[in-house]
Amino acid sequence: MVLYESTRGGKEGIPSAEAIKRGISSNGGLYVPQQIKEINQKDISNLANMSYAQRAVFILKQFLDDFTDDELADCVNSAYNTRKFATADIAPIKPISENLCLLELWHGPTCAFKDMALQILPHFLVKAMEKTGEECEIVILVATSGDTGKAALEGFADVKGTRIIVFYPENGVSEVQKYQMITQTGSNVKVFGVNGNFDDTQSGVKRIFTDEKLIKEMAKRNLKFSSANSINWGRLVPQIVYYFSAYADLVKIDRIKAGDKINFVVPTGNFGNILAGYYAMRMGLPVNKLICASNDNNVLTDFIRTGHYDRRRKFIRTVSPSMDILISSNLERLLYELTGHDDQRVSDWMNRLNEDGHYEVGQNLLKELHKSFWAGWSNQDETLKTIECVYKENNYVLDTHTAVAVDVYDKYVITTGDLTPTVIVSTASPFKFNGSVCKALFGEQVIEGKTEFELLEILSKRTSMPIPAGLKDLDNKSVLHSNVCEKYDMKTVVTEYLFKGEY
Ligand SMILES: *Cc1c(COP(=O)(O)O)cnc(C)c1O
């Protein structure tokens with residue numbers, strides 16, 4: 001069986017169901033598999049003739065082997081179907097030039113790629129609770145930079161045996177993102193704005209998770225925390241699937257031959273998405289380079305280039321808010337893998353990051369990192385220019401996050417001359433970030449004085465693309481969650497809500 005261990009030590013392995021239920025390890029580390037099963041090229045080729053759901057079962061069982069095939073199929077079929085997704089392909093490939101394709105991961109209910117994982121995580125979790133004999137009610141705590149919150153709410157709303165509490169930075173998400181969350185229905189959901197940025201919000205949630213006294217209080221009331229953030233392995237593992245799926249589709253449409261290497265460019269924030277690509281590569285998917293694309297908050301670009309992770313810089317609010325992150329949690333998992341599971345060194349770096357705000361990994365690890373990764377960043381002007389250019393030249397409308405990736409890809413080609421077929425991982429519908437997209441496409445005058453809801457209509461009319469179902473008529477829905485708290489009050493509101501039924 002594949003067992004899971006914490007990146008910060010404590011070597012005894014636990015089955016995936018237990019790791020998914022716990023979310024984060026009690027010592028603050030993240031769960032990773034003790035071994036990675038390799039898939040041979042023939043099995044990869046065979047994926048070409050399968051549906052997305054079938055591909056998912058095949059990949060997932062390499063990691064979640066304490067689940068039966070039937071259990072996995074149940075989870076997969078509840079998540080990846082046409083009631084939830086706007087296309088039967090689930091994650092379609094769209095070629096836009098000779099060497100370049102987009103992998104569209106935003107056809108789920110909330111119009112961003114977080115649905116790929118958060119539609120299935122609740123089903124994993126419910127099964128994991130059954131399998132481990134868990135009798136507590138699970139309380140999901142989420143810190144969101146915008147997209148995770150809504151996707152988690154959609155995934156968990158009214159799922160029996162679970163409750164969900166979402167925190168978002170009050171001024172750090174778009175109007176559409178905010179409305180998606182504060183209008184969420186469901187008897188087990190609660191949403192709070194926080195006066196602070198995403199990192200404050202994420203740190204607050206991490207502190208609550210590891211608060212021993214609170215955990216004891218919860219246990220008395222038959223409640224237990226778990227996480228839907230990408231620190232939960234159950235959130236990460238479904239993302240590995242679409243790297244294989246994209247590859248299989250490229251083979252299927254004759255863009256590549258089975259066995260050819262390809263690049264992936266990933267618009268990156270918390271490092272979850274691109275890390276899933278790394279696991280796919282370790283499983284044997286023929287990948288040349290994973291290209292890590294950042295916005296102005298370019299901590300990861302600097303890290304991947306120099307080996308020095310330094311969060312001591314100004315946090316910048318950008319047009320790609322879901323990537324406005326200075327502490328990329330999932331990098332910890334990559335460091336653990338690259339050091340050959342050295343929990344001492346990883347713990348040390350993470351402590352330094354926490355205490356001093358930076359750490360350095362040294363030349364040997366950097367060399368190892370460069371075998372798989374390249375990094376670049378796109379400033380906001382470049383990002384908006386990219387949206388305009390790609391629309392003019394390829395008649396394709398990019399969202400701001402995906403545009404960061406396309407701009408970084410251009411820089412990669414200029415720098416390296418590498419013309420390997422490349423997949424841009426497209427993480428959001430352009431309608432979700434319509435303010436910036438309209439500005440890029442039609443100019444400042446068109447957006448002046450308009451709400452994001454009016455801009456949805458304008459974008460739809462001018463590009464002849466329909467408004468996705470999840471974003472239509474949002475402003476006419478009732479606001480059900482209007483509470484905002486200070487960042488140091490997050491624990492208080494959680495206890496007041498859970499123990500006293502307030503809010
Ligand atoms: C979350 C998100 C990202 C960043 O993904 P990570 O897994 O955190 O690196 C990029 N784009 C969009 C639209 C997102 O919602």
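Structural data are supplied above this passage.
Residues numbered from 1 in each chain as written. Predicted model: local features only at pLDDT ≥ 70, side-chain atom pairs only at ≥ 80, totals over all residues. Heavy atoms only, no water.

## A few points about the overall build of the protein chain
(1) Moving on: Helix and strand content of the protein chain: 22 helices and 15 strands.
(2) Moving on: Its C-alpha radius of gyration of 21 Å places the protein chain within 12% of the 23 Å reference for a compact globule of 503 residues.
(3) Moving on: Per-residue burial over the protein chain gives 63% buried out of 503 residues.
(4) Moving on: A separation threshold of at least 6 residues defines the contact pool for the protein chain, and within that pool the share at least 24 residues apart is 75%.
(5) Moving on: In the form shown here, the protein chain has an accessible surface area of approximately 18,900 Å², with 45% of it arising from carbon and sulfur atoms.
(6) Moving on: Computing the positive centroid from 57 side-chain charges and the negative centroid from 64, the protein chain places the two 1 Å apart. (Helix = DSSP H or I, 4+ residues; strand = E, 2+ residues; numbered from the N terminus. Rg over C-alpha atoms; globule rule 2.2 N^0.38 Å. Buried < 20%, exposed > 50% of the residue type's maximum accessible area, 1.4 Å probe, protein only. Contact = heavy atoms within 4.5 Å. Areas by Shrake-Rupley, 256 points an atom, 1.4 Å probe, with all protein chains shown as cover. Lys, Arg positive; Asp, Glu negative; His and termini not counted. Charge placed at Lys NZ, Arg CZ, Asp CG, Glu CD.)

## Remarks on empty space enclosed by the protein
One simple way to see leftover space: roll a probe sized like a water molecule over the atoms.
(1) Moving on: Under the criterion given, the structure shown has three cavities of 30 Å³ or more.
(2) Moving on: What lines the largest cavity is a set of 25 residues, among which Phe-113, Lys-114, Gly-269, Asn-270 and Ser-322 lie closest to the centre.
(3) Moving on: Contributing elements (two or more residues each) for the lining of the largest cavity: helix H7 (147–156), helix H11 (233–252) and helix H12 (272–282).
(4) Moving on: Residue contributions to the lining of the largest cavity peak at three residues, all from H12.
(5) Moving on: Grouping the amino acids of the lining of the largest cavity by side-chain chemistry returns eight nonpolar, 14 polar and three charged.
(6) Moving on: Size it by volume and the second largest cavity reaches roughly 50 Å³.
(7) Moving on: Taken together, Ala-143, Gln-202, Val-205, Lys-206, Phe-209, Asn-229, Ile-231, Asn-270 and Ser-329 make up the full set of residues lining the second largest cavity.
(8) Moving on: The class makeup of the residues in the lining of the second largest cavity is four nonpolar, four polar and one charged. (1 Å grid on protein atoms, 1.4 Å probe; cavity = no way out; pocket = protein on both sides within 12 Å on 5 of 7 lines; lining within 4 Å. Points joined across faces, edges and corners; volume = space filled by probe spheres on them. Nonpolar A, V, L, I, M, F, W, Y, C, P; charged D, E, K, R; others polar.)

## What to know about the packing of aromatic side chains
For any pair of aromatic rings, geometry is given as the distance between the ring centres together with the angle between the planes.
(1) Moving on: A full pass over the atoms with the stated rule returns 21 aromatic pairs.
(2) Moving on: Ring geometry for Trp-349 and Tyr-359: centres 6.1 Å apart, planes at 20 degrees, overall stacked. With Trp-349 in helix H15 (residues 343–356) and Tyr-359 in strand E12 (residues 358–360), this residue pair connects regions lying 10 residues apart in the sequence. Judged on exposure class, the residue Trp-349 and its partner Tyr-359 are both buried.
(3) Moving on: Among the aromatic side chains, those forming a connected cluster through ring pairs are Tyr-4, Phe-63, Trp-233, Phe-271, Tyr-278, Tyr-279 and Phe-373. (Phe/Tyr/Trp six-rings, centres within 6.5 Å; stacked < 30°, edge-to-face > 60°.)

## A short note on the packing of helix H17 (residues 380–394) against helix H18 (residues 400–416)
(1) Moving on: Between H17 and H18, the least distance of the axes is 8 Å, while the angle of their chain directions is 90 degrees. Classified by the interaxial angle, the pair formed by H17 and H18 is roughly perpendicular. From H17, Glu-382, Thr-383, Thr-386, Ile-387 and Val-390 reach across to H18, where they touch Thr-400, Ala-403, Val-404, Val-406, Asp-407 and Lys-411.
(2) Moving on: A per-class count over the contact of H17 with H18 returns five nonpolar, three polar and three charged. (Axes fitted to C-alpha atoms, helices over the stretch in contact; angles between N-to-C directions. Parallel < 35°, antiparallel > 145°, perpendicular 65-115°, else oblique.)

## Some thoughts on the sheet that holds strand E4 (residues 100–104)
(1) Moving on: Taken together, six strands build an open sheet; the order of strands is E3-E4-E14-E9-E10-E13 and the sheet is mixed. Two strands bound the open sheet, and with one partner strand each, they are strand E3 (93–95) and strand E13 (373–377). Across the sheet, the mean angle from the axis of one strand to that of its neighbour is 25 degrees, orientation sign disregarded.
(2) Moving on: Note that strand E10 (residues 287–294) and E13 share five bridges and pair parallel. Note that in E13 the partner of Ile-291 across the bridge is Trp-374. (Pairing = 2+ DSSP bridges.)

## With respect to helix H8 (residues 175–182)
(1) Moving on: A large share of H8 lies buried, amounting to six of its eight residues.
(2) Moving on: Of the positions making up H8, those classed as buried are Val-176, Gln-177, Lys-178, Gln-180, Met-181 and Ile-182.
(3) Moving on: Packed against the buried residues of H8 are H7, strand E6 (162–169), strand E7 (189–195), helix H19 (434–442) and helix H21 (452–463).

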